[in-house]
Amino acid sequence: MAENTKKVWLITGSSTGFGRSLTETVLKHGDRVVATARKPEQLSDLVTHYPETVKPVQLDVTKPQEVRNAVNAALDAFGRIDVLVNNAGYGALGAIEEFSDEVIRQQFETNVFGALDVMRVVLPVMRKQRHGHIINVSSVAGFVSFVGTGIYCGTKFALEGISEALAQEVAPLGIKVTIIEPGAFRTDFNGRSLVTPDTLIDDYASTSGEFLQWIHNMNGKQPGDPDKAALAIMQAVTSNHPPLRLVLGADAVNAIDAKLKSVKEELDTWKSVACDTTFDGVEVGAIGGEAKSLLNITTPK
Ligand SMILES: NC(=O)c1ccc[n+]([C@@H]2O[C@H](COP(=O)([O-])OP(=O)(O)OC[C@H]3O[C@@H](n4cnc5c(N)ncnc54)[C@H](OP(=O)(O)O)[C@@H]3O)[C@@H](O)[C@H]2O)c1
């Protein structure tokens, strides 16, 4: 493959799970990767196998200086960034009331503000290039919220809102945005990466408590294969028409399908009440008006 047809990727959270699988898949494909991790020594085997095409860089996404260093290291090593994968993240799972303010804020620092900072530092590079693809790893929990996931879902819903707007802002500049929505995949997510409340409240035992038990029991038995997820992400990145949302796993597809149906049913049931709140005589289109609007997301060809 000619040097200039090989993509340059910057991936956050390359140590384990999706980030690790994707980094390996991309390297096997012959592309170049700035693989980042809080402990870059975890990437040393990749450097042994791919000394020319992988650049390991230390990156904790909550540390602004490390974000800037990582982007500069990518430009120094490979001269451009074609694909940014905001993958670093974890789940704080438990009932909303059970968490301390500190744990909640830390969850948003990593999953939202960290990803946002990386995006905002990479965007000037991609705007100058007039091309690029930002992949934001959200979750089925970025579209459907359920007991025991309120704080985590808050972060992933935020990431989805940001991504959906960004897709429309940067499409005219040649930059694509794809949101990844995995279901349950066999990574370290349910194990070492899981953060649960220090103190559980009995009143939530039959709701959030049962969900947490399910999360623990599921550890190591999740149906999703992260290597197959990596191939699906590659497929989206190499597609001429990448999706805005890529759902991964039949469990996620089923949950999202059920939510879409229930939202539609409720919208239809309450439509007349909703529409009757307009000033008399005022004609209304979709929100966003004449501006390139919510329902009109175009991706560059
Ligand atoms: N597995 C699932 O079922 C599932 C489903 C939906 C979405 N997701 C999402 O997938 C993404 C990856 O998780 P995973 O499932 O692959 O779990 P994982 O194996 O636990 O990997 C999490 C990765 O995020 C990194 N990370 C956490 N906080 C970080 C920070 N402040 N700065 C930089 N890196 C940080 C971890 O680094 P360390 O090695 O240093 O801890 C690790 O590389 C997350 O965004 C998660 O929300 C996972």
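As shown above, the structure is provided for reference.
Residues numbered from 1 in each chain as written. Predicted model: local features only at pLDDT ≥ 70, side-chain atom pairs only at ≥ 80, totals over all residues. Heavy atoms only, no water.

Side note on the site of the ligand
Working step 1: Around the ligand there are 28 residues in total, and Ser 15, Arg 38, Tyr 152, Thr 187 and Ser 193 lie nearest to it.
Working step 2: In this structure, Gly 89 approaches the ligand through a main-chain N or O atom, which is 3.3 Å from an oxygen atom.
Working step 3: Elements that contribute at least two residues to the shell around the ligand include exactly helix H1 (17-29) and helix H5 (150-170).
Working step 4: Of the residues in the shell around the ligand, the class split is 10 nonpolar, 13 polar and five charged. (Near = heavy atom within 4 Å. Polar contact = N/O pair within 3.5 Å; in protein donor to acceptor, adjacent residues only side chain to side chain. Helix = DSSP H or I, 4+ residues; strand = E, 2+ residues; numbered from the N terminus. Nonpolar A, V, L, I, M, F, W, Y, C, P; charged D, E, K, R; others polar.)

Observations concerning the sheet that holds strand S5 (residues 132-137)
Working step 1: Read from one edge of the open sheet, seven strands run S3-S2-S1-S4-S5-S6-S7, paired in parallel fashion. Two strands close off the open sheet at either side, each with one partner strand: strand S3 (54-58) and strand S7 (245-248). Neighbouring strand axes in the sheet, compared pairwise and without regard to direction, differ in orientation by 15 degrees on average.
Working step 2: Relative to strand S2 (residues 32-37), strand S1 (residues 8-11) is paired through four bridges, and the arrangement is parallel. Residue pairing in the sheet places Val 8 in a bridge with Arg 32 of S2.
Working step 3: Its contacts with the sheet put helix H4 (residues 101-129) on strand S4 (83-86), S5 and strand S6 (175-182), and the angle it makes with S4 is roughly 175 degrees. (Pairing = 2+ DSSP bridges. Axes fitted to C-alpha atoms, helices over the stretch in contact; angles between N-to-C directions. Contact = heavy atoms within 4.5 Å.)

Things to note about the pattern of salt bridges
Working step 1: If you walk through the whole model with that rule in mind, you get 12 salt bridges.
Working step 2: Residue Arg 245 is joined to Glu 160 by a salt bridge in which the shortest nitrogen-to-oxygen separation is 3.1 Å. A residue pair is termed long-range when its members are at least 10 positions apart, and Arg 245 in strand S7 and Glu 160 in helix H5 qualify at 85 residues.
Working step 3: Of the residues examined, Arg 245 reaches a relative accessible area of 26% and is grouped as partly exposed.
Working step 4: Take Glu 160: its relative accessible area is 3%, and that puts it in the buried class. (Salt bridge = Lys/Arg side-chain N within 4 Å of Asp/Glu carboxyl O. Buried < 20%, exposed > 50% of the residue type's maximum accessible area, 1.4 Å probe, protein only.)

Points about the nonpolar core
Working step 1: With 31 residues, the main nonpolar core has Leu 84 and Ile 134 as its most contacted residues.
Working step 2: Within the residue set of this core, elements represented by two or more residues are S1, helix H3 (64-78), H4, H5 and S6.
Working step 3: In contact with Leu 84, not counting residues within four places along its chain, are Leu 10, Val 118, Met 119, Val 122, Met 126, His 133, Ile 134 and Ile 135.
Working step 4: If you look at the next biggest cluster of nonpolar residues, it comprises 27 residues, including Ile 11, Val 83, Ile 180 and Met 234. (Core = buried A, V, L, I, M, F, W, Y, C linked by side-chain atoms within 4.5 Å.)

Section: the pairing of S2
Working step 1: Extensive coverage of S2 is indicated by the burial of six of its six residues.
Working step 2: Across the two faces of S2 the burial is the same, with Arg 32, Val 34 and Thr 36 and Val 33, Ala 35 and Ala 37 all buried.
Working step 3: With H1 bridging S1 and its parallel neighbour S2, the resulting β-α-β unit is right-handed.
Working step 4: Of the pairings in the sheet, the one linking S2 to S3 comprises five bridges and is parallel in character. For Ala 35, the partnering residue across the bridge sits in S3 and is Pro 56.
Working step 5: For the crossover that starts at S2, traverses helix H2 (residues 44-49) and ends in the parallel S3, the hand is right-handed. (Right-handed = clockwise from strand over helix to strand, strands pointing away.)

Re the packing of aromatic side chains
Working step 1: Per the stated rule, a full pass over the model turns up four aromatic pairs.
Working step 2: Between Phe 18 and Phe 185 the ring centres are 5.2 Å apart and the planes differ by 55 degrees, which places this aromatic pair in the tilted class. Residue Phe 18 is found in helix H1, and its partner Phe 185 is found in the loop between S6 and helix H6 (205-218); the two are separated by 167 residues along the sequence. (Phe/Tyr/Trp six-rings, centres within 6.5 Å; stacked < 30°, edge-to-face > 60°.)

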